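Chain and residue survey
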Amino acid sequence: GMGWALLGVGLLLALYTLLRYGLRPAALSPCSRTELRGRTAIVTGERRERPPGTAPPWPGPRAHRSVPFPSAGGSGGIGAATALELARGGARVVLAARNALRGEATARRIRTETGNPEVRFMQLDLASLRSVRAFASAFLRQEPHLHLLINNAGVSAGGTTEDGFSLSFQVNHLGHFLLTQLLLERLQSCAPSRVVIVASRAHCAGRLHPDTLGRPPPGPLSAFQDYCDSKLANVLHARELATRLQGTQVTCYALHPGFVNTELFRHTPLWLKPFFFPLVWLFFCEAAEGAQTSLYCATQEGLECFSGRYFADCHLQEPWPQARDDRLARTLWDASERLVGLVGPGESPSP
């Protein structure tokens, strides 16, 4: 009897190991730590609760719905993990996020953990173009250098912003588009420098219609579609930005961070949770793993010739066909310039 019991326990342990570590994607080996002293980085982060009274944007892959800058002791997100590793490399790091309490706590935690005093928080609400402009103005006034801009923040939620755009599309694309443009001169003056845009494999379901850009898509899955559209915009933004920055020594990259197990399924209907938690447990990676491709694109030497390209698992990958459409990328750029107020309605877009 005892022998059979031990055999059963052994088989269960073997099954656990196979399921836990065999079916999940292999953890990436940490990117080699680059010496970043003297370099300044911005990492954007966003935590926004679902607006009261709105339905959760289920179903859909919230591949990038994490809590980038949680309070100390909380579960970390991609942004916090990215900032932590940059600080470990000696960089001066600016955490740019909406929630001051959480942002200050995370900056303190990173300073303590790394021994790097050059980590600070600055408030930025990407759902407000006014806030984006205020952040950029304050940063340019207070910080003389910028070498890395990591557009990490992402939400998947319904609702509209004070500027009248759908929440996900503004936070994920338009806010970052404006931020990048306002900081571009500083990036160029500090070259070689990089812009890293955290997109998602969800761009495969994106559909962009220039005439209705920024408006919530119709249909019952509006919030999910809006998220996918914003992720397609992220990949196209990197593509067109690279074209416009040729010869400047400023390069840019879009990436899929992996499916990250943070608070991805917090708003999942109760009846669905028993089905999805095993999948999360088996297949989703931790935040530190999710940050690896961001860090790779930010610090790996020799990537300059791949500016504008798309990465996943620290490797170059081809995005879906609609994300390789140069004409759509130019159209999106021109429309984005108008929507964020960089170009007036009657003015010609930038060349």
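Rules used throughout
- Residues numbered from 1 in each chain as written.
- Predicted model: local features only at pLDDT ≥ 70, side-chain atom pairs only at ≥ 80, totals over all residues.
- Heavy atoms only, no water.
- UniProt positions renumbered as here; feature names shortened; annotations may be inferred.
- Helix = DSSP H or I, 4+ residues; strand = E, 2+ residues; numbered from the N terminus.
- Buried < 20%, exposed > 50% of the residue type's maximum accessible area, 1.4 Å probe, protein only.
- Lys, Arg positive; Asp, Glu negative; His and termini not counted.
- Salt bridge = Lys/Arg side-chain N within 4 Å of Asp/Glu carboxyl O.
- Contact = heavy atoms within 4.5 Å.
- Phe/Tyr/Trp six-rings, centres within 6.5 Å; stacked < 30°, edge-to-face > 60°.
- Pairing = 2+ DSSP bridges.
- Axes fitted to C-alpha atoms, helices over the stretch in contact; angles between N-to-C directions.
- Parallel < 35°, antiparallel > 145°, perpendicular 65-115°, else oblique.
- Left-handed = near helix turned anticlockwise from the far one by under 90°.
- Nonpolar A, V, L, I, M, F, W, Y, C, P; charged D, E, K, R; others polar.

The name given to the protein in an unreviewed UniProt entry is DHR13 reductase, and the organism recorded there is Rostratula benghalensis. As its UniProt record puts it under Sequence similarities (unreviewed entry), the protein is described as follows: "Belongs to the short-chain dehydrogenases/reductases (SDR) family."

Tracing the backbone through its elements, the reader meets Asp 229 in helix H6 (residues 222–244). The side chain of Asp 229 is buried and forms no salt bridge, while Arg 207, the nearest opposite charge, is found at 5.7 Å. Residues contacting Asp 229, with those up to four places away along its chain left out, are Phe 169, Ala 205, Gly 206, Arg 207, Leu 208 and Pro 217.

Next up on the list: the packing of aromatic side chains. Counted according to the given criterion, the structure contains four aromatic pairs. Ring centres of Tyr 253 and Phe 311 lie 6.0 Å apart, and the angle between their planes is 75 degrees; this geometry places the pair in the edge-to-face category. Taken together, the residues Tyr 253 in strand S6 (residues 250–256) and Phe 311 in strand S7 (residues 310–312) connect sequence positions 58 residues apart. Tyr 253 gets classed as buried once you look at its relative accessible area, which sits at 0%. A relative accessible area of 2% means that Phe 311 is categorised as buried. Ring centres of Tyr 296 and Phe 311 lie 6.1 Å apart, and the angle between their planes is 55 degrees; on these two criteria the pair is classed as tilted. Pair noted here: Tyr 296 is in helix H9 (residues 292–299) and Phe 311 is in strand S7, with a separation of 15 residues, a long-range link. Pair check on accessibility: Tyr 296 and Phe 311 agree, each one buried. Pairwise contacts between aromatic rings join Tyr 253, Tyr 296 and Phe 311 into one cluster.

Our focus in this paragraph is the pattern of salt bridges. Evaluated as defined, the whole model comprises 15 salt bridges. With its nearest N and O atoms 3.8 Å apart, the salt bridge here joins Asp 125 to Arg 98. Residue Asp 125 is found in the loop between strand S3 (119–123) and helix H4 (129–142), and its partner Arg 98 is found in the loop between strand S2 (92–97) and helix H3 (100–114); the two are separated by 27 residues along the sequence. Arg 98 gets classed as partly exposed once you look at its relative accessible area, which sits at 33%. For Glu 304, the salt bridge is made with Arg 194, and the minimal N-O distance between the two is 3.0 Å.

On to the sheet that holds S6. The eight strands are arranged S3-S2-S1-S4-S5-S6-S7-S8 in an open sheet whose pairing can be described as mixed. Every interior strand has two partners, whereas the edge strands, S3 and strand S8 (315–317), have only one. This sheet shows a mean twist of 25 degrees between the axes of neighbouring strands, independent of strand direction. In this sheet, S8 lies alongside S7 in antiparallel orientation, the contact comprising three bridges.

Relative to each other, helix H5 (residues 167–189) and H6 sit at 20 degrees, their axes nearing to 7 Å. In terms of their interaxial angle, H5 and H6 are classed as roughly parallel. Pair H5 / H6 crosses with right-handed handedness. Residue-level inspection shows Leu 167, Ser 168, Phe 169, Asn 172, His 173, His 176, Phe 177, Thr 180, Gln 181 and Leu 184 of H5 in contact with H6, the latter providing Asp 226, Tyr 227, Asp 229, Ser 230, Lys 231, Ala 233, Asn 234, His 237 and Leu 241. Looking at the contact of H5 with H6 residue by residue, the class counts come to seven nonpolar, nine polar and three charged.

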